[in-house]
Amino acid sequence: MSRSADRQAQVQDQPDGEQPKKKRRPTGSLECKIGILLGLGGLVGSRLGQLWVAFDVFSQFTLQFALVALAFLIGLLMPRAKLFSALVLIVVGLIAIGVWPHVASRTPSTLGSAGPGERDLRVASFNTLWVNDDADAVRAEILRLDADIITLIEMGPSKRRIIEGLKDHYPYHADCYRIDYCNLVILSKVPIIESDARAMWKGPPFIRVKLGQEAGGLTIFGVHTIRFPHSRAQFRQVTEMADLIETYPGPKLVMGDFNATPYSRILEVLESRANLRRLTNLPSWPSQAGLPQIAIDHIFVSPGLKATESQQIGQPAGSDHFPVTLRISIPLVP
């Protein structure tokens with residue numbers, strides 16, 4: 001039997017006055033509405049971290065939740081291919097987030113210059129990844145960044161040999177290898193006059209150095225907090241760290257891997273309790289696809305210090321993090 005004859009037979013089988021029901025084609029409207037709700041739910045969850053710190057984990061993905069909500073809203077408004085349009089927009093948006101730090105780093109902006117009685121310093125923070133054994137790549141990236149002061153995090157045993165190899169470039173350094181569960185290093189071109197470090201306390205592992213008068217007696221903290229989703233423990237760590245930082249007088253520079261984004265309550269607490277100002281917001285993790293999505297590596301300064309060049313990211317050199325770097329000016333002690 002032909003298709004036309006089959007359809008005619010179906011029509012004849014219908015009761016008088018009743019037309020055969022047509023199959024309803026999916027439009028994607030329902031899926032887009034669900035997507036909008038999911039995106040908005042994530043954004044609401046990220047703000048609930050201000051009330052219950054356990055929800056602060058959602059703040060790490062604030063940009064992504066906003067992207068999802070917007071993409072599905074646009075998809076819902078499309079006359080056809082609603083779901084497909086939304087998914088394409090999400091993919092394009094994630095790529096754009098990952099490309100953003102590379103574009104910003106290609107042409108850094110000059111934000112000012114050191115005035116009379118001030119000195120410019122390039123500073124950098126780099127989580128080298130504990131299991132990253134490519135010590136030569138890490139060494140090459142440190143030299144390429146050419147920071148006056150750099151904090152190195154997760155400096156596993158395979159990478160520690162490069163410290164001695166950098167003596168000509170960085171004659172001063174401090175590390176905390178003698179302390180269990182502390183793998184932080186600060187390299188400096190400026191003399192270090194004192195240093196200490198802690199791990200296994202209420203706060204996160206950190207290393208602290210104080211520079212000489214050539215750098216205005218600047219105190220530098222290198223910090224590595226526990227990562228999400230352990231938001232409660234992370235909040236306690238950062239609170240203790242902020243209170244400790246606040247006890248040190250004079251100009252301060254705080255940098256490291258805080259495992260928290262600019263939208264998190266964690267960083268708000270650090271800034272407010274320690275009287276610091278964050279200078280970074282570029283995504284720096286993860287590096288695997290070359291398109292970092294979240295900004296968790298940061299640099300903070302105390303009042304009186306300022307950025308004179310915009311933030312940049314470096315090359316991961318085998319790590320899952322991109323290093324972050326910028327130039328600051330510091331007041332010199334008269």
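Anything mentioned here points back to the structure above.
What counts and what doesn't
- Residues numbered from 1 in each chain as written.
- Predicted model: local features only at pLDDT ≥ 70, side-chain atom pairs only at ≥ 80, totals over all residues.
- Heavy atoms only, no water.
- Helix = DSSP H or I, 4+ residues; strand = E, 2+ residues; numbered from the N terminus.
- Rg over C-alpha atoms; globule rule 2.2 N^0.38 Å.
- Buried < 20%, exposed > 50% of the residue type's maximum accessible area, 1.4 Å probe, protein only.
- Contact = heavy atoms within 4.5 Å.
- Areas by Shrake-Rupley, 256 points an atom, 1.4 Å probe, with all protein chains shown as cover.
- Lys, Arg positive; Asp, Glu negative; His and termini not counted.
- Charge placed at Lys NZ, Arg CZ, Asp CG, Glu CD.
- Pairing = 2+ DSSP bridges.
- Axes fitted to C-alpha atoms, helices over the stretch in contact; angles between N-to-C directions.
- Phe/Tyr/Trp six-rings, centres within 6.5 Å; stacked < 30°, edge-to-face > 60°.
- Lys NZ or Arg CZ within 6 Å of the ring centre and 35° of its normal.
- Expected span 1.5 Å × (residues − 1).
- Bend = angle between axes of the 7 residues up to and from the residue.
- Core = buried A, V, L, I, M, F, W, Y, C linked by side-chain atoms within 4.5 Å.

**Concerning the overall build of the protein chain**
Summing up its helical and strand segments, the protein chain has eight helices and twelve strands in all. Relative to its length of 334 residues, the protein chain is extended, with a C-alpha radius of gyration of 26 Å against a globular reference of 20 Å. Across its three principal axes, the protein chain shows a C-alpha extent of roughly 100 × 40 × 40 Å. Looking at the protein chain as a whole, 49% of its 334 residues are labelled buried. A separation of at least 24 residues holds for 65% of the contacts in the protein chain among residues at least 6 apart in sequence. Of the roughly 16,700 Å² of accessible surface on the protein chain, a fraction of 57% belongs to carbon and sulfur atoms. Treating the 36 positive side-chain charges of the protein chain as one cloud and the 31 negative ones as another, the clouds have centres 6 Å apart.

**Brief notes about the sheet that holds strand S5 (residues 192-198)**
As summarised here, the arrangement of the six strands in space is S5-S6-S7-S8-S10-S9, forming an open sheet in which the pairing is mixed. Two strands bound the open sheet, and with one partner strand each, they are S5 and strand S9 (277-278). Across six bridges, S5 lies against strand S6 (residues 206-211) in antiparallel orientation. Bridge pairing links Asp196 to Arg208 in S6. Contacts from helix H8 (residues 265-274) reach S9 and strand S10 (297-301), with the element oriented near 20° to S10.

**Quick word on the packing of aromatic side chains**
In the structure shown here, the tally under the stated rule is seven aromatic pairs. Between the aromatic rings of Trp201 and Phe206, the centroid separation amounts to 5.7 Å while the plane-to-plane angle is 70°, which identifies the pairing as edge-to-face. Take Phe206: its relative accessible area is 1%, and that puts it in the buried class. On the basis of an interplanar angle of 75° and a centroid distance of 5.4 Å, the ring pair of Phe221 and Tyr248 is categorised as edge-to-face. Of this pair, Phe221 sits in strand S7 (residues 219-224) while Tyr248 sits in the loop between helix H7 (231-246) and strand S8 (252-257), placing them 27 residues apart in sequence. Put simply, the rings of Trp52, Phe55, Phe58 and Phe65 touch in pairs and so form one group of aromatic residues. Lying over the aromatic face of Tyr177, Arg160 brings its terminal NZ or CZ to 3.9 Å of the ring centre. If you follow Arg198 out to its NZ or CZ, it ends over the ring of Trp201, 4.8 Å from the centre.

**Some words on the pairing of strand S11 (residues 306-313)**
Burial analysis of S11 places seven of its eight residues in the buried class, the great majority of the element. Note: S11 against strand S12 (residues 324-331), five bridges, orientation antiparallel. Within S12, the position partnered with Gln312 by the bridge is Thr325.

**Structural notes on helix H4 (residues 82-106)**
With 25 residues, H4 should reach 36 Å at 1.5 Å per residue; the first-to-last C-alpha distance of 36 Å fits that figure. Along its length, H4 shows its largest kink, about 30°, at Val99, and proline Pro101 lies within four residues downstream of that point. Of all the residues in H4, the buried ones are Lys82, Ser85, Ala86, Ile90, Gly93, Ile97, Gly98, Pro101 and Ser105. The inward-facing, buried residues of H4 contact helix H2 (29-48), helix H3 (62-77) and S11.

**Some points on the sheet that holds strand S3 (residues 172-175)**
Ordered in space as S3-S4-S2-S1-S12-S11, the six strands form an open sheet in which the pairing is mixed. Of all the strands in the sheet, just S3 and S11 have a single pairing partner and so form its edges. Along the sheet, successive strands turn relative to each other by an average axial angle of 15°, direction set aside. Here eight bridges tie strand S1 (residues 118-127) to S12, and the two strands are oriented antiparallel to one another. When the sheet's bridge partners are listed, Leu121 is paired in S12 with Ile328.

**Notes on the nonpolar core**
Leu121, Val123, Ile220, Leu253 and Ile328 are the most contacted members of the largest nonpolar core, which has 32 residues in total. Secondary-structure elements contributing two or more residues to this core are S1, strand S2 (149-153), S6, S8, S10, S11 and S12. Ranked by residues supplied to this core, first place goes to S12 with four residues. Formed by 18 residues, the second largest nonpolar core is a distinct cluster that contains Leu244, Ile245, Leu276 and Phe300.

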